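# What the coordinates show
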Amino acid sequence: MPSPDHPAPPGSPLALAAAEALECRRCPLWQHATGTVFGEGPADARIMLVGEQPGDQEDRAGRPFVGPAGQLLDRALAEAGLDRRELYVTNAVKHFKFVTRGRRRIHARPDSAEIAACRFWLNIERNEVNPALTVLMGASAARAVLGRTITIARERGRAIKLSEAIIFVTVHPSYLLRIPDAAAKQNEYNMFIADLRRVAELSLPR
C-alpha cells in the first residue's frame, strides 16, 4: 500500500504489484490473515526499511509499522534525524502469521519457506525503489535479502556492499519492546538510535 503522503501513481509498477499482492496465494499465510500488507513510501526513496512481517494492528489496518513496534520505530527515526515520510517501509513477509490464544492473535515467526515465497514481492519493491541503502531489521529481513541465516550481533552496525547498494543490519523494534529490564531496554534503544544515525550518514549523497 502506498504511503498517504506518497501514493504510487496509478499504473506504476509498485501500484500494480501492490494490487496483485492483495490476491497472493504463494504460501498458506493468506488463509488466516485479514489481508496483504504491502510496503509504502516514495518510489525513489534513498532508504528502504525491511522488517519481518505485519503484526496484529498492521494486519487490520493494511499498512506496515502502525502498531507498538511502528510507534517505537517512528520515535527512534525522529531522534536519529530521519523522516519516515522520506523512507520506503516494508516487510519480508506480507501476511500476518499468528497463533490464537483466547481472543488474542500472537505473533509467530515466519519460516524459511514463507520468507522465500514472499521474496517475489520484496524483490519487486527493491528493484523498483532501488534504494541506495537497505536497512534489514531482524533475522527474517536479513534472510530474505541476503539469502542466508545471520547472527544479528555479528553483522549489526556495519555497511555490507551488495551489488551497487549498501545493506545495513540492525535489530527489529519489536525486540526492544520485549526486553523486561528498564535499564537494558533503554540501553538497547540508545544503540538502535545510534544505528539509525549511522544509516542517515551512509545514505547521504556522495
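Before going into details, it helps to say that this report is about the structure given with it. (Residues numbered from 1 in each chain as written. Predicted model: local features only at pLDDT ≥ 70, side-chain atom pairs only at ≥ 80, totals over all residues. Heavy atoms only, no water.)

## Quick notes on the overall build of the protein
Let me state the cut-off plainly: In DSSP terms, a helix is any run of H or I states spanning at least four residues, a strand is any run of E spanning at least two, and both are numbered starting from the N terminus. The size measure is the radius of gyration over C-alpha atoms, and the globule rule it meets is 2.2 Å times the number of residues to the 0.38 power. Type-normalised accessible area, obtained with a 1.4 Å probe on protein chains alone, sets the label of each residue: buried when under 20%, exposed when over 50%, and partly exposed for intermediate values. A contact between two residues is defined here by any heavy atoms of the two lying within 4.5 Å. Accessible areas in this description were obtained via Shrake-Rupley with a 1.4 Å probe; residue shielding takes into account the shown protein chains only.
For the protein, the count of helices and strands is eight helices and seven strands. The globule rule puts the C-alpha radius of gyration for 206 residues at 17 Å, and the 16 Å found for the protein is close to it. Considering only C-alpha atoms, the protein reaches an extent of 45 × 40 × 30 Å along its principal axes. Here the protein, with 206 residues, has 51% of them falling under the buried criterion. Considering only contacts within the protein whose residues lie at least 6 apart along the sequence, 73% involve residues at least 24 apart. Total accessible area on the protein stands at roughly 10,300 Å², and carbon and sulfur atoms take up 52% of it.

## Considering helix α1 (residues 13-21)
Definition in use: Picture the helix axis, draw a direction to every C-beta atom, and the arc is the one those directions span.
By the burial criterion, the buried members of α1 are Leu14, Ala17, Ala18 and Ala21. Down the axis of α1, the buried side of the element spans an arc of 100°, and every buried residue falls inside it. Where α1 is buried, its residues meet β2 (88-91) and α4 (112-129).

## A closer look at the layout of surface pockets
Put simply, the test is: The definitions used throughout rest on a 1 Å grid laid over the protein atoms alone, on which a cavity is an enclosed set of points accommodating a 1.4 Å probe that cannot get out and a pocket is an open set flanked by protein within 12 Å on both sides along at least five of seven lines; lining residues are those having an atom within 4 Å of a point. Grid points are joined across faces, edges and corners, and a volume is the space filled by probe spheres set on the points. The residue classification treats Ala, Val, Leu, Ile, Met, Phe, Trp, Tyr, Cys and Pro as nonpolar and Asp, Glu, Lys and Arg as charged. All others, Gly included, are polar.
Considering only enclosed or pocket space, the largest pocket measures out at about 860 Å³ in volume. What lines the largest pocket is a set of 32 residues, among which Glu52, His107, His172, Ser174 and Arg178 lie closest to the centre. Sorting the residues of the lining of the largest pocket by element identifies α2 (56-61), α3 (68-79), β4 (104-107), α5 (139-146), α6 (152-155) and α7 (173-177) as the ones contributing at least two each. The element best represented in the lining of the largest pocket is β4, accounting for four residues. The residue inventory of the lining of the largest pocket, partitioned by class, reads 14 nonpolar, 10 polar and eight charged.

## Regarding the nonpolar core
What counts here: Among the buried residues, those of types Ala, Val, Leu, Ile, Met, Phe, Trp, Tyr and Cys that are joined through side-chain atoms within 4.5 Å form a nonpolar core.
Counting 57 residues, the largest nonpolar core has Phe38, Ile47, Leu49, Leu133, Val135, Leu136 and Phe192 as the members making the most contacts within it. When residues of this core are assigned to their parent elements, the largest contribution, seven residues, is made by helix α8 (residues 182-202). In this view, Val135 contacts Ile47, Met48, Leu49, Val50, Phe168, Thr170 and Val199; residues no more than four positions away in its chain are not counted.

## Describing the packing of α1 against α4
Note the threshold: Interaxial angles span 0 to 180 degrees and are taken between N-to-C directions of axes, which are lines fitted to C-alpha atoms, for helices over the stretch in contact. Small angles under 35 degrees read as roughly parallel and large ones over 145 as roughly antiparallel, with 65 to 115 read as roughly perpendicular and the rest as oblique.
Interhelical geometry of α1 versus α4 gives an angle of 170° and a closest axis separation of 10 Å. By the criterion of interaxial angle, the relationship of α1 to α4 is roughly antiparallel. Residues Pro13, Leu14, Ala17, Glu20 and Ala21 of α1 form the contact with α4, whose participating residues are Trp121, Ile124, Glu125, Glu128 and Val129. When the residues that make up the contact of α1 with α4 are grouped by side-chain class, the tally is seven nonpolar, no polar and three charged.

## Here we look at the packing of aromatic side chains
Put simply, the rule is: Pairing of aromatic rings covers Phe, Tyr and the six-membered ring of Trp, with a centre-to-centre limit of 6.5 Å; geometry is then stacked below 30 degrees between planes, edge-to-face above 60, and tilted otherwise. Consider the ring centre and the ring normal. A charge sits over the ring if Lys NZ or Arg CZ is within 6 Å of that centre and within 35 degrees of that normal.
Applying the stated criterion across every chain, the model contains three aromatic pairs. Judged by centre distance (4.8 Å) and plane angle (85°), the ring pair of Phe120 and Trp121 falls under edge-to-face. Owing to a relative accessible area of 35%, Phe120 belongs among the partly exposed residues under this scheme. Assessed through its relative accessible area of 4%, Trp121 is described here as buried. Every member of this aromatic cluster is reached through a ring pair, and the members are Phe38, Phe120 and Trp121. One residue, Arg26, lies across the ring of Trp121, its end atom 5.9 Å from the ring centre.

## Here's the deal with the sheet that holds strand β6 (residues 159-162)
Two orientations exist for strands paired in a sheet by backbone hydrogen bonds: parallel and antiparallel. Put simply, the rule reads: If DSSP finds at least two bridges between two strands, the strands pair.
Judged by pairing direction, the sheet is mixed, and its five strands sit side by side in the order β2-β1-β5-β7-β6 without closing on themselves. Each end of this open sheet is capped by a strand with a single partner; those strands are β2 and β6. Taking each pair of neighbouring strands and ignoring which way they run, the sheet shows an average axis angle of 25°. Here strand β1 (residues 47-51) runs beside β2; their pairing, made up of four bridges, is parallel. Along β2, the bridge assignment pairs Val50 with Thr90. The strands that α5 touches are β1, β5 (133-137), β6 and β7 (165-170); relative to β5, the one it contacts most, it runs at about 135°.

## Remarks on the pairing of β1
Buried residues dominate β1, accounting for five of its five residues. Of the two faces of β1, both are covered, the one formed by Ile47, Leu49 and Gly51 as well as the one formed by Met48 and Val50. One ladder, built from four bridges, connects β1 with β5; its direction is parallel. If you follow Met48 over to β5, its bridge partner there is Thr134.

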